[in-house]
Every structure is written in structure tokens, then in C-alpha cells.
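# Structural overview for review
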Amino acid sequence: MTSTEFVSDSPAATEAFAAQWAQTLMPDTAILLYGDLGAGKTTFVRGLARGLGITEPVRSPTFTLTHEYTIQQPSALRGLPFFHIDLYRIETAAQLHTLGLDEVFERGGVAAIEWAERLERWGAPLPVAHLWAVRLIPTGDAERQIVIECLQKPPAAAETTP
């Protein structure tokens, strides 16, 4: 399992770290974001969006539940969708089902999911090749420990026979 840790001393540092990390992402990726209210999940997603070349303002989709953007960079992701999903207001498995996450993941882009605990609560599987957990842990007024873990290996390439 691959993991990375970073200590951020400000929202700007969190965004900068996320923007840099975004450059390592591949198509067909889900990023599960964990952290208490105010921990910096949306700040991290803003950084991801900036790192993916998205220049539109990124706001939390708490009431709309999902925002979609078009990735501009890196070239491996250009033109694919970037979804920012917020599950804070999801209270039942039926509500989660109405989001149409299957359709989101069929498009092969990148999805950042705030309040990912809701997925685990109702056992919603994520059909993606790359799955990451990002935990934002407040350690002071502006300081955050950011822990990123790879949760699954990408599928093995098809073996060829000579």
C-alpha cells in the first residue's frame, strides 16, 4: 500500500500540495475525502482542480451534491470529467443510489468525494481502477496533517502469450 503524509500550515499550503499531487493522478480514479467539518476537504479539492488545470471557481456542492468540470491537464487526463461530490446531506442508501455514481464512474475521469464515510455506511462499491483515501486531520488552528493512502492496486495489464 502506497501512502504519503504532509503537514500543511495554511489553506494555501493545502491547495498547493493537492495541486502538485493532482499531477500524479490517472484516468478512472476516485479520491475519498475524510475529515471533520472544517478540516479542509473542499480546500483540498480546490487544489486538485487547480492542479488539473480547472480555472473555474470550485465551491462545495453541499446542496447540489455534484459539480462537474473538464480537466485541462495533465495530457493523460485532458478532456475527461472531474467530479466534486459532497455526500454530507446523504442520509440513506436510497438517496445515495439516486446520485447515479455508476454513471459518474463509467466516464473514466477523476471523482473527489467528500464525506466518503457515507459510501462505506451503505456498502456502495466504486468501480474504479485507482482508489485513494485522503484524510485531513486538524492539528492546530490552521495546521492539518494530510494522509493519502492508495486503497487498491490498478488492474493488472492483460497478459500476452508468445
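Residues numbered from 1 in each chain as written. Predicted model: local features only at pLDDT ≥ 70, side-chain atom pairs only at ≥ 80, totals over all residues. Heavy atoms only, no water.

### What to know about the side chain of Glu114
The criterion, for reference: Helix and strand labels come from DSSP, where a helix needs a run of H or I of at least four residues and a strand needs a run of E of at least two; each type is numbered from the N terminus. Accessible area is worked out with a 1.4 Å probe on protein chains only. A residue is then buried under 20% of its type maximum, exposed over 50%, and partly exposed in between. We score Asp and Glu as negative and Lys and Arg as positive, and we do not count His or the chain ends. In what follows, salt bridge is the name for a side-chain nitrogen of Lys or Arg lying within 4 Å of a carboxyl oxygen of Asp or Glu. By definition, residues are in contact when any of their heavy atoms lie within 4.5 Å.
In this structure, Glu114 sits in strand S5 (residues 110–114). The side chain of Glu114 sits in the buried core without any salt bridge; Lys41 is the nearest counter-charge, 4.9 Å away. With sequence-adjacent residues up to four places away left out, Glu114 is seen in contact with Leu33, Lys41, Thr42, Val45, Ser60, His84, Ile85, Asp86 and Leu87.

### Remarks on the packing of helix H1 (residues 11–22) against helix H2 (residues 41–51)
Cut-off, in case you're wondering: Axes here refer to lines fitted to C-alpha atoms; in helices the fit is confined to the stretch in contact. Angles between the N-to-C directions go from 0 to 180 degrees. Every angle not falling under 35 degrees, over 145, or within 65 to 115 is termed oblique; those three ranges are roughly parallel, roughly antiparallel and roughly perpendicular. Left-handed describes a crossing in which the near helix is turned anticlockwise from the far one by less than a right angle; the clockwise case is right-handed. Note on residue classes: Ala, Val, Leu, Ile, Met, Phe, Trp, Tyr, Cys and Pro are nonpolar, Asp, Glu, Lys and Arg are charged, and everything else, Gly too, is polar.
For the pair H1 and H2, interaxial distance at closest approach is 7 Å and the crossing angle is 45 degrees. As judged from the angle between their axes, H1 and H2 are oblique. H2 is crossed by H1, and the crossing has right-handed handedness. Contacts from Pro11, Thr14, Glu15, Ala16, Phe17, Ala18, Ala19, Trp21 and Ala22 of H1 reach H2 at Thr43, Phe44, Arg46, Gly47, Leu48, Arg50 and Gly51. Tallied by class, residues from the contact of H1 with H2 come to 9 nonpolar, 4 polar and 3 charged.

### Comments concerning H1
For an α-helix, the turn length of 3.6 residues means that residues three or four places apart are oriented alike. This is how it is decided: How far a helix is expected to stretch is found by multiplying one less than its residue total by 1.5 Å.
In this model, H1 (12 residues) spans 16 Å end to end at C-alpha, consistent with the 16 Å of a helix rising 1.5 Å per residue. Regarding H1, the residues found buried are Ala13, Thr14, Glu15, Phe17, Ala18, Ala19, Trp21 and Ala22.

### Focus on the pattern of salt bridges
Under the definition given, this model contains 3 salt bridges. Across the salt bridge formed by Glu15 and Arg50, the nearest N and O atoms sit 3.6 Å from each other. Note that Glu15 is positioned in helix H1 and Arg50 in helix H2, a separation of 35 residues in sequence. Glu68 is paired through a salt bridge with Arg107; the nearest N and O atoms lie 2.7 Å apart. On the criterion of sequence distance, the pair formed by Glu68 in strand S3 (residues 66–70) and Arg107 in the loop between helix H4 (101–106) and S5 is long-range, its members being 39 residues apart.

### Brief notes about the sheet that holds strand S6 (residues 130–138)
Formally: Between any two strands, pairing holds if DSSP finds at least two bridges.
Sheet architecture is open: 7 strands sit in the order S1-S7-S6-S2-S5-S4-S3, paired in mixed fashion. With one partner strand each, in any of the chains shown, strand S1 (3–8) and S3 form the two edges of the open sheet. The mean angle between the axes of side-by-side strands here comes to 15 degrees, regardless of whether they run parallel or antiparallel. Both S1 and strand S7 (residues 144–152) contribute to a ladder of 6 bridges, which runs antiparallel. Its bridge partner lying in S7, Glu5 is registered against Val147. Each of S1, strand S2 (29–34), S6 and S7 touches H1; the most contacted strand, S1, lies at about 155 degrees to it.

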